[in-house]
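What follows is the residue order along each chain.
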Amino acid sequence: MSVRDMEALFRPRGVAVAAEGDGPLTGTLIRNLTASGAGVPVTRTIPPAAPCDLWVAAVAPAAQPALIAQAGANGARVVLLVGAHTPDGGDDARHHAAIRDAARAAGVRVVGPDSLGIALPAAGRRLVAGAFHRPPRAGRVALVSQSGTLAGSILDWAARRDVGFSHVAVLGGMADVGPDEVLNTLAMQGDCHAVLLALDRIGDARRFMSAARAASRLKPVIVLHTPTGDATTPEPVIDAAFRRAGLLRAGTLESLFDALEILDVAPALTGNRLAIVANGRGVGALAARALATAGGRLAHPAAGGNPLDLGEGADGAAYAAALARLRADPGVDGVLLLHAPTVESDAAAVARAVAGACAGPGHPVLTSWLGDRDAERVLPDLARRQVPAFDTPDRAVRAFCQGAAWRTVQALLAETPPAASPGPAPDRGGALAVIGAAGARTALTAAEAGDLCRCYGLPAAGAEGTGLTVRLDTDPLFGPVISVHAGTDGAAVSVLPPLNATLARETLMRVAGVALPDPALTAPLAGVLVRVAHMAADLERLESLALSPAGAMATLVPPGRERTPFAIQPYPAALEQALALPDGRRLLVRPVRPEDEPGLQALFRRLTPQEIRLRFFAPKQELTHSVAARMTQIDYQREMGLVVTDAGDGGTIHGAVHLSGDGDGERAEFAIMVAHDMAGLGLGPLLMRRIIDHGRSRGLRAIIGEVLAENRPMLRLCEVLGFTRRATPDDPGVIHVTLTL
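Rules behind the numbers
Residues numbered from 1 in each chain as written. Predicted model: local features only at pLDDT ≥ 70, side-chain atom pairs only at ≥ 80, totals over all residues. Heavy atoms only, no water. Helix = DSSP H or I, 4+ residues; strand = E, 2+ residues; numbered from the N terminus. Rg over C-alpha atoms; globule rule 2.2 N^0.38 Å. Buried < 20%, exposed > 50% of the residue type's maximum accessible area, 1.4 Å probe, protein only. Contact = heavy atoms within 4.5 Å. Areas by Shrake-Rupley, 256 points an atom, 1.4 Å probe, with all protein chains shown as cover. Lys, Arg positive; Asp, Glu negative; His and termini not counted. Charge placed at Lys NZ, Arg CZ, Asp CG, Glu CD. Disulfide = S-S within 2.5 Å. Salt bridge = Lys/Arg side-chain N within 4 Å of Asp/Glu carboxyl O. Core = buried A, V, L, I, M, F, W, Y, C linked by side-chain atoms within 4.5 Å. Patch = residues over 30% accessible without salt bridge, like charges linked within 9 Å, V, L, I, M, F, W, Y side chains within 5 Å. Polar contact = N/O pair within 3.5 Å; in protein donor to acceptor, adjacent residues only side chain to side chain. Pairing = 2+ DSSP bridges. Axes fitted to C-alpha atoms, helices over the stretch in contact; angles between N-to-C directions. Phe/Tyr/Trp six-rings, centres within 6.5 Å; stacked < 30°, edge-to-face > 60°. Lys NZ or Arg CZ within 6 Å of the ring centre and 35° of its normal.

Along the chain, the regular secondary structure elements total 23 helices and 31 strands. Relative to a compact globule of 741 residues, whose C-alpha radius of gyration would be 27 Å, the chain shows 28 Å and is just as compact. Its C-alpha atoms give the chain principal-axis dimensions of about 85 × 75 × 60 Å. Considering the chain as a whole, with its 741 residues, one finds that 54% of them fall into the buried category. When contacts within the chain are restricted to residue pairs at least 6 apart in sequence, long-range pairs at least 24 apart make up 72% of them. Accessible surface, the chain: about 30,800 Å² in total, of which carbon and sulfur atoms supply 54%. Computed over 71 positive and 74 negative side-chain charges, the separation of the two mean positions in the chain equals 4 Å.

In structure tokens form, the structure reads like this:
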């Protein structure tokens, strides 16, 4: 769904309602729309007298394709098909195909069928277009759900806890619009601080992963996955996909709500070491056992034990003093404060003291007030200090571990590695010869599998001395997946390629019950995983590979059938091109890689202050880590960066151009910089032409950019390349340039 369509869905200029009968669904739909108070014209006249870019329809399935056609003919951009999900038995696939065909023919997008609707509760733009039994209140969290009943349960829970929403979108059957398209828009909404996803199927895995990775770089995204359509994908693979996308997975509705409670705290967590403070040994021990079960660690504070027992008579001052000490302790990542009701302590007074003690900087604090109704009166004070409160120690501990896990996946999200392997270059030609010799066979012999492994420097006997089995399999949804098994019956830990050493080591650390070798010996094992990932990227017919102490086994994709593609696009080596300069120097134009961050920072230092100002629209002393990482750790599915380097590995970067899209696949913005000492060699025009060619091959409709009016060389280059110019009165110093492809 394009940005333009999303504007029609979430900010329509007019709403047309087509509803059959006067039953409960129609009545609720009309009541919600007319009570929205957003000033959006709503009409039940079909076709409407005035243009309406959003049509909301509650009609029988048989009438939906014709209504979609009518909506398109009358200028609609989005049709929202509201209705209750019917029990299994109908031909959903055929009906969904008819909806897609009608939508494409009419030039509109369709949300649904069986959607509960959409809601924007914020004041000033309030719109409730759907059959919500309880219209949501305004807040900072967006909810995207496929199931109307699940969305209703979440909204009811939120209402009881005074939690509000910035956006609500219930997608229903997803015949056309999927969660990836909604995520692309929510990622850019300033009033949306976090996203809750309630999904029963993923849809297009590559598009979903691209959208999820983009959104979770900017804000927390929590997902509750209840598999139906993705039931053939094993749970470890689903977990691996969500980890690589930077999502925090909730296993139950309760954990989803707990994760929502922890959202304000999670960004400040730096690890999973928890200090526990209680007014009794029993509740402290209960929390410590829950922490071990949930995968967290007891912190080792510099002073005092853990759990710390303050005694039954502990007052607010005692709790505040303990918090002040522990929140500053470098051996602690978070503090859990527990208070059980006693005759010697005033829970409300303790809660007020805790809220005051959390006002300054320090490690995050979580609380649990066991059975204390008095403390509930001051819970809003705790919430204002971003101190979540849980009804049991178990839930508090699980939420803390969820927050720590989210921090881990956020760190891994920055790892978007190329499909490269350590050590000597693989013999891809030899591997292709082995596969070619197999002909139409899909199973390689043990000898052939061993030869294939040796071409990539892999031990044919697997990960020797570890008892581990490394597998490459092809999931029908996510494509190539690498799994590590402990022994023959051990639970699998999976990861989606492409990989680098960091991701490989993190995967190995999650293999339960395995004592990994000395760190010096772990690197070769991580290298095995990276080389298997490289093999998967190079050999499109390779369907599976198993490396075990018993030897290697491999299967191939049958001739004439394509393997499911990578869910995360690997490094596009096909874009590498050699470049010879007139002075005889040989350069290489290639896609940017994560390890190029120092090279881009060095390129920045070769720019003059004037060039820096023209490129970044302001003086800049350095290219910071966060900016350089964003320029190098890219998602090749939705953006591209090309660099010019000296030929050979690790060459100096002399220039770079980036093309960044918003996920709709229609428009992307360019940015370019070339070293001052390389001026006059034509690198700027060359990079621009290469990135334009790439955008055209990706099906972009336009490439856009902003150029300072005083940057005459860049404006001249844009003119030569066919860009049109547009100035705006609001910002006369900036020229907007557009190239229609």
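Moving on from the coordinates now.
The final tally for this structure, using the stated rule, is zero disulfides. Here cysteine 401 stays unpaired: no disulfide links it, and the sulfur of cysteine 358, its closest cysteine neighbor, is 19 Å away. Looking at cysteine 455, it has no disulfide partner, and the nearest cysteine sulfur is the one in cysteine 453, 9.1 Å off. Judged by relative accessible area, cysteine 455 falls into the buried class, the value being 14%.

Looking now at the pattern of salt bridges. For side chains bearing opposite charge, pairing can occur when the charged atoms are close. Under the definition given, this model contains 31 salt bridges. The salt bridge involving arginine 243 is made with glutamate 506; its shortest N-O contact spans 2.3 Å. Taken together, the residues arginine 243 in helix α8 (residues 235–244) and glutamate 506 in helix α17 (residues 501–509) connect sequence positions 263 residues apart. On the accessibility criterion, glutamate 506 (15% relative accessible area) is buried. Between arginine 725 and glutamate 719 there is a salt bridge, with the nearest N and O atoms lying 3.8 Å from each other.

With 88 residues, the main nonpolar core has Phe208 and Phe478 as its most contacted residues. Core analysis: the second largest hydrophobic core is formed by 49 residues, Leu607, Phe616, Tyr636 and Val737 among them.

On to helix α2 (residues 24–34). Of all the residues in α2, the buried ones are Thr26, Thr28, Leu29, Ile30, Asn32 and Leu33. Considering only its buried residues, α2 is in contact with β1 (15–19), β2 (42–43), β3 (54–58) and β7 (127–130).

A word on the environment of leucine 150. Mapped onto the elements, leucine 150 comes out in helix α5 (residues 148–160). Overall, the relative accessible area of 16% leaves leucine 150 in the buried class. When the C-alpha positions of leucine 150 and leucine 199 are compared, they lie 9.6 Å apart, and in sequence the two are 49 residues distant. With near-sequence residues (within four places) excluded, leucine 150 lies in contact with Ser145, Ala198, Leu224 and Leu253.

Another aspect to go through is a negative patch on the surface. Where like charges cluster on the molecular surface, the negative patch consists of Glu669, Glu706, Asp730 and Asp731. Mapping glutamate 669 onto the fold places it in strand β28 (residues 667–674). Judged by its relative accessible area of 38%, glutamate 669 falls in the partly exposed class.

The subject of this paragraph is the environment of glycine 190. Following the sequence through the fold, glycine 190 ends up in the loop between α6 (179–186) and β10 (194–199). Taking the C-alpha atoms as reference points, glycine 190 and arginine 140, 50 residues apart in sequence, are found 9.3 Å from one another.

Checked against the element boundaries, serine 368 lands in strand β17 (residues 365–369). A polar contact of 3.0 Å, which involves the side chain of serine 368, links it to the backbone oxygen of phenylalanine 390. Serine 368 has contacts with Leu337, Leu338, His339, Phe390, Asp391, Thr392 and Pro393, leaving out every residue within four places of it along the chain.

Attention now goes to the sheet that holds strand β27 (residues 653–661). Within the open sheet, the eight strands sit side by side as β24-β25-β26-β27-β28-β29-β31-β30. Their pairing is mixed. With one partner strand each, in any of the chains shown, β24 (577–580) and β30 (724–728) form the two edges of the open sheet. The mean angle between the axes of side-by-side strands here comes to 25°, regardless of whether they run parallel or antiparallel. The pairing of strand β26 (residues 639–646) with β27 spans seven bridges and is classified as antiparallel. Considered in β27, the bridge of glutamate 639 is made with serine 660.

Bringing the pairing of strand β5 (residues 109–115) into the picture now. Of all seven residues that make up β5, six are buried, and the element is covered over most of its length. With four bridges connecting them, strand β4 (residues 78–82) and β5 associate as parallel partners. Bridged to leucine 80 within β5 is valine 111.

This part takes up unusual backbone geometry. Looking along the chain, the bond that leaves isoleucine 46 and enters proline 47 is cis, with omega of -5°. Structurally, the position occupied by proline 47 is in the loop between β2 and β3. With an omega of 10°, the peptide bond between proline 497 and proline 498 qualifies as cis. Checked against the element boundaries, proline 498 lands in the loop between β21 (493–495) and α17.

Turning our attention to the packing of aromatic side chains. Under the defined criterion, the tally for this structure stands at five aromatic pairs. Note on phenylalanine 604 and phenylalanine 616: the rings are 5.8 Å apart at their centroids and 65° apart in plane angle, and the pair reads as edge-to-face. Placement of phenylalanine 604 in helix α19 (residues 597–605) and of phenylalanine 616 in helix α20 (residues 609–616) is noted, with a sequence separation of 12 residues between them. Under the relative-accessibility criterion, phenylalanine 604 is labelled buried at 2%. A cation sits over an aromatic face here: arginine 593 above tyrosine 571, 5.6 Å from the ring centre. Cation over ring: lysine 620 sits above phenylalanine 616, and NZ or CZ is 5.6 Å from the ring centre.

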